[in-house]
Amino acid sequence: MEPEVNQHTILQAILELSKQMQDMKSDLQQQVEAVEKRLDEKIEAVETRLEKVEQNLSRKIDLVDAKFEILSLDLLTTKAEVSMLKQV
């Protein structure tokens, strides 16, 4: 009778360990899903912020471009005036 009790005890221990492993697997899956969710939220926040930065940078580049164009036209006008003065 002793060997049967040992086998039964071993089988129960194996089943209990299996259940514990399933519980651990479930807990780990939940933790991974929570981390994925937080990462997705952070990525979305970074993408939104990056988009705003890109728009702001684009506006600033457009402003610098407009200023450069104005300075170029002023320089061209000044050169034309100097050239006319030289001819007189």
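In what follows, the structure referred to is the one given above.
Residues numbered from 1 in each chain as written. Predicted model: local features only at pLDDT ≥ 70, side-chain atom pairs only at ≥ 80, totals over all residues. Heavy atoms only, no water.

Asks: How should the overall build of the protein chain be read in this particular structure?
Replies: When its secondary structure is counted, the protein chain shows one helix and zero strands. Expressed as lengths along the three principal axes of its C-alpha atoms, the size of the protein chain is roughly 130 × 15 × 5 Å. Taking all 88 residues of the protein chain together, 0% fall into the buried category. Accessible surface, the protein chain: about 8,800 Å² in total, of which carbon and sulfur atoms supply 61%. Placing the 12 positive and 18 negative side-chain charges of the protein chain at their respective mean positions leaves the two points 12 Å apart. (Helix = DSSP H or I, 4+ residues; strand = E, 2+ residues; numbered from the N terminus. Buried < 20%, exposed > 50% of the residue type's maximum accessible area, 1.4 Å probe, protein only. Areas by Shrake-Rupley, 256 points an atom, 1.4 Å probe, with all protein chains shown as cover. Lys, Arg positive; Asp, Glu negative; His and termini not counted. Charge placed at Lys NZ, Arg CZ, Asp CG, Glu CD.)

Asks: What am I meant to see in the environment of Thr77 here?
Replies: Of note, Thr77 is situated in helix H1 (residues 2-87). On a C-alpha basis, the gap between Thr77 and Val64 in space is 20 Å, while along the polypeptide they are 13 residues apart.

Asks: Sorry if this is basic, but what is going on with a nonpolar patch on the surface here?
Replies: A contiguous nonpolar patch, built from Val35, Leu39 and Ile43 and spanning about 250 Å² of accessible area, is present on the exposed surface. Positionally, Leu39 belongs in helix H1. (Patch = residues over 30% accessible without salt bridge, like charges linked within 9 Å, V, L, I, M, F, W, Y side chains within 5 Å. Salt bridge = Lys/Arg side-chain N within 4 Å of Asp/Glu carboxyl O.)

Asks: Help me out: how do you make sense of a negative patch on the surface in this one?
Replies: A contiguous patch of negative charge on the surface is contributed by Glu33, Glu36, Asp40, Glu41, Glu44, Glu47, Glu51 and Glu54. Considering the arrangement of structural elements, one finds Glu44 in helix H1. Using a relative accessible area of 52% as the deciding quantity, one classes Glu44 as exposed.

Keep in mind that these numbers describe shape and distance, not what the molecule does.
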